[in-house]
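Spelled out, the chains give:
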Amino acid sequence: ERFFAARLGSEAALEAAASQADFGASLLPGALPVPRAPHGSAWDGKAPLVLTGPRAGWAPREWGWGWFGERHGDEPVLCKQRAPIFDEDRGDSTLIAECSLREYMRYAEEMETAPEELPLLYMNGWDLFESHPCLWDASIDQIPGSITNLSTAAYVAMHKRFRLGGDSLEYATGKVRQLCKVFIGCRGAITRMHTDNHRAHAWLSQLHGHKLYVAAPPGEGRRIHPRRPGGGGRLPRLDPLDASQRAAPQHAGVELWATVLSPGETIVLPEGWWHYAASLSPTVTLMCNFWDQSNVRAVEDIFTEQAARALDEQRREAAAKAASGAGPPVAAVSAATSSA
């Protein structure tokens, strides 16, 4: 909160500053500005890009603060004190609360003037399209002219290859819906430094409010989440808004890119890039993971890994039954499952 108070000032000052293309980089001394281009401009897949201007024919452009409150205010949601929650957080006293969406949105508005000692909670990763598939259409995860999103085609191909049964497109659509999530946050809500799973790219579109994004190339992981000297795990992840951390020896020299998104803008992030976000005001963001020609083989890896786990589980169950005399020999089950 001290960072926001010292750097941002009033909401009017934030609105004026956010119109400057290099505003995000100016908040972090030494950070590089993220390039900008209109929606529909081709993304090269090598570095972050902010897309600006109209996104024609895209339904979520109308989904602002009031839209969510009016249409979905009674729905139960989870709010977390930390996001994402990492393996190293297990056993920690991270606060997770359940409330209605309307209650969280009221909380987010009131937190702008609330005492600093109150816990700061973030409503991240809401599966809106799983709860309301009627809101989904084939344009939701696309940015025509900017990205070539092959996620649906890849899931259709894998569904047919693994002979899962049923309608391939229906199956693929269900999987792709799960890749798109809604984030609603109060001022100061933070998404900690992380990379996305399964070698996926990501785009994040700002539907309401202003959000600071900080990104770093894949090779900066040794500075962002360094190993402890002599082994024994890792040191805490870098918080790029903490100037003392940026100057610490284990993080010094880290390459950071920064930008602030205003409503209607989208940031596209390549696979493997570290990223961090901080809400500068109450915000609504729509996020989507996706694969294109450069990394679509990762979808095959997902299926292969899942098949291997399922096969291993079958063999474990067969071994347990064989040991108890209740099933066929393990070798017979292994031969059958391997041929399948």
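Every value quoted in this text rests on a predicted model; they were computed, and no experiment measured them. Counting restarts for each chain, with residues numbered from 1 along the sequence as it is written. Local features in this predicted model are restricted to residues whose pLDDT is 70 or higher, and side-chain atom pairs enter the listing and the counts only when it is 80 or higher, whereas totals over whole chains, interfaces and linings include all residues. Remark: hydrogens and water are excluded; side-chain values derive from all non-hydrogen atoms of the structure.

## Brief notes about the overall build of the protein
Part 1: Every helix listed is a DSSP run of H or I at least four residues long, and every strand listed is a run of E at least two residues long, numbered separately from the N terminus. From N to C terminus, the protein includes 12 helices and 14 strands.
Part 2: Here the globule rule reads 2.2 Å times residues to the power 0.38, and the radius of gyration is calculated from C-alpha atoms. Radius of gyration (C-alpha) of the protein: 22 Å, near the 20 Å computed for a compact globule of 340 residues.
Part 3: The dimensions of the protein, computed from C-alpha atoms along their principal axes, are 70 × 55 × 40 Å.
Part 4: Summary of the burial criterion: residues with accessible area below 20% of their type's maximum are buried, those above 50% are exposed, and those between are partly exposed, where the area comes from a 1.4 Å probe applied to protein chains only. When each of the 340 residues of the protein is scored for burial, the buried share is 48%.
Part 5: Between two residues, a contact is recorded if the distance between any of their heavy atoms is within 4.5 Å. Once local pairs closer than 6 in sequence are excluded, the contacts in the protein between residues at least 24 apart make up 76%.

## Focus: the side chain of His 201
Part 1: As for its position among the elements, His 201 is in strand E9 (residues 201-208).
Part 2: For His 201, a relative accessible area of 1% corresponds to the buried category.
Part 3: Whenever a nitrogen or oxygen atom comes within 3.5 Å of another N or O atom, the pair is scored as a polar contact, on the condition that within protein one atom can donate a hydrogen and the other can accept it, and that pairs from neighbouring residues in sequence are kept only if both atoms are in side chains. Among the polar contacts listed, one links the side chain of His 201 to the side chain of Ser 294, at a separation of 3.3 Å.
Part 4: Only 3.3 Å separates the side chain of His 201 from the side chain of Asn 295, close enough to count as a polar contact.

## Structural notes on unusual backbone geometry
Part 1: The omega torsion across Ala 83 and Pro 84 is -15 degrees, close enough to zero to call that bond cis.
Part 2: On the secondary structure map, Pro 84 appears in the loop between strand E4 (76-80) and strand E5 (96-100).
Part 3: You will see that Arg 163, though not glycine, has its phi angle at about 50 degrees, which is positive.
Part 4: Structurally, Arg 163 can be placed in the loop between helix H7 (151-161) and helix H8 (168-177).
Part 5: The backbone of Arg 199 sits at a positive phi, close to 55 degrees, despite the residue not being glycine.

## A closer look at the nonpolar core
Part 1: Definition used in this section: a nonpolar core is a set of buried Ala, Val, Leu, Ile, Met, Phe, Trp, Tyr and Cys residues joined via side-chain atoms within 4.5 Å. One finds Trp 63, Phe 68, Tyr 104, Phe 129, Tyr 155, Trp 203 and Trp 291 to be the most contacted residues of the largest nonpolar core, which totals 70 residues.
Part 2: Among residues more than four places away in sequence, those in contact with Tyr 104 are Cys 79, Cys 99, Leu 121, Tyr 122, Met 123, Ile 184, Gly 185 and Cys 186.

## Description of the pattern of salt bridges
Part 1: Salt bridge criterion: a side-chain nitrogen from Lys or Arg within 4 Å of a carboxyl oxygen from Asp or Glu. Applying the stated criterion to the full structure yields 15 salt bridges.
Part 2: One salt bridge in this structure joins Glu 62 and Arg 61, with 3.6 Å as the shortest N-O distance.
Part 3: For Arg 61, a relative accessible area of 46% corresponds to the partly exposed category.
Part 4: A salt bridge links Arg 192 to Asp 89, with the nearest nitrogen and oxygen atoms 2.5 Å apart. One end of the pair, Arg 192, is in strand E8 (residues 190-194); the other, Asp 89, is in the loop between E4 and E5, with 103 residues separating them in the sequence.
Part 5: You can call Asp 89 buried: its relative accessible area is 6%.
Part 6: Three or more residues are tied together by salt bridges with common partners; here these are Arg 82, Asp 89 and Arg 192.

## Examining the confidence of the model for the protein
Low-confidence regions, as indicated by low pLDDT, have predicted coordinates that should not be scrutinised in detail.
Part 1: pLDDT measures the predictor's confidence residue by residue and takes values from 0 up to 100. Mean pLDDT over the protein: 89, with 90% of residues reaching 70 or higher.
Part 2: Note that residues 333-340 has pLDDT below 50 and, in this model, 9 contacts with residues that lie over four places away or in other chains.

## What about H7?
Part 1: Restricting attention to buried positions, one finds in H7 the residues Ser 151, Ala 154, Tyr 155, Val 156, Met 158 and His 159.
Part 2: Residues of H7 that are buried sit in contact with H8, strand E14 (283-290) and helix H11 (297-324).
Part 3: One or two residues past the end of H7 sits Arg 163, with phi positive at roughly 50 degrees.

## Details of the pairing of strand E7 (residues 180-185)
Part 1: Counted residue by residue, E7 has 5 buried out of 6 residues, so it is predominantly covered.
Part 2: We call two strands paired when DSSP finds no fewer than two bridges between them. Pairing of strand E6 (residues 122-126) with E7 involves 3 bridges; the strand directions are antiparallel. Across the sheet, residue Met 123 finds its bridge partner in E7, namely Ile 184.
Part 3: Two strands pair when backbone bridges link them, and E7 and E14 are joined in this way by 6 bridges, in the antiparallel orientation. Across the sheet, Lys 181 pairs through a bridge with Met 287, a residue of E14.

## Comments concerning the environment of Met 158
Part 1: Considering the arrangement of structural elements, one finds Met 158 in helix H7.
Part 2: For Met 158, a relative accessible area of 10% translates into the label buried.
Part 3: Between the C-alpha atoms of Met 158 and Glu 300, which are 142 residues apart in sequence, the distance is 6.7 Å.
Part 4: Setting aside its immediate chain neighbours within four residues, Met 158 contacts Val 299, Glu 300 and Phe 303.

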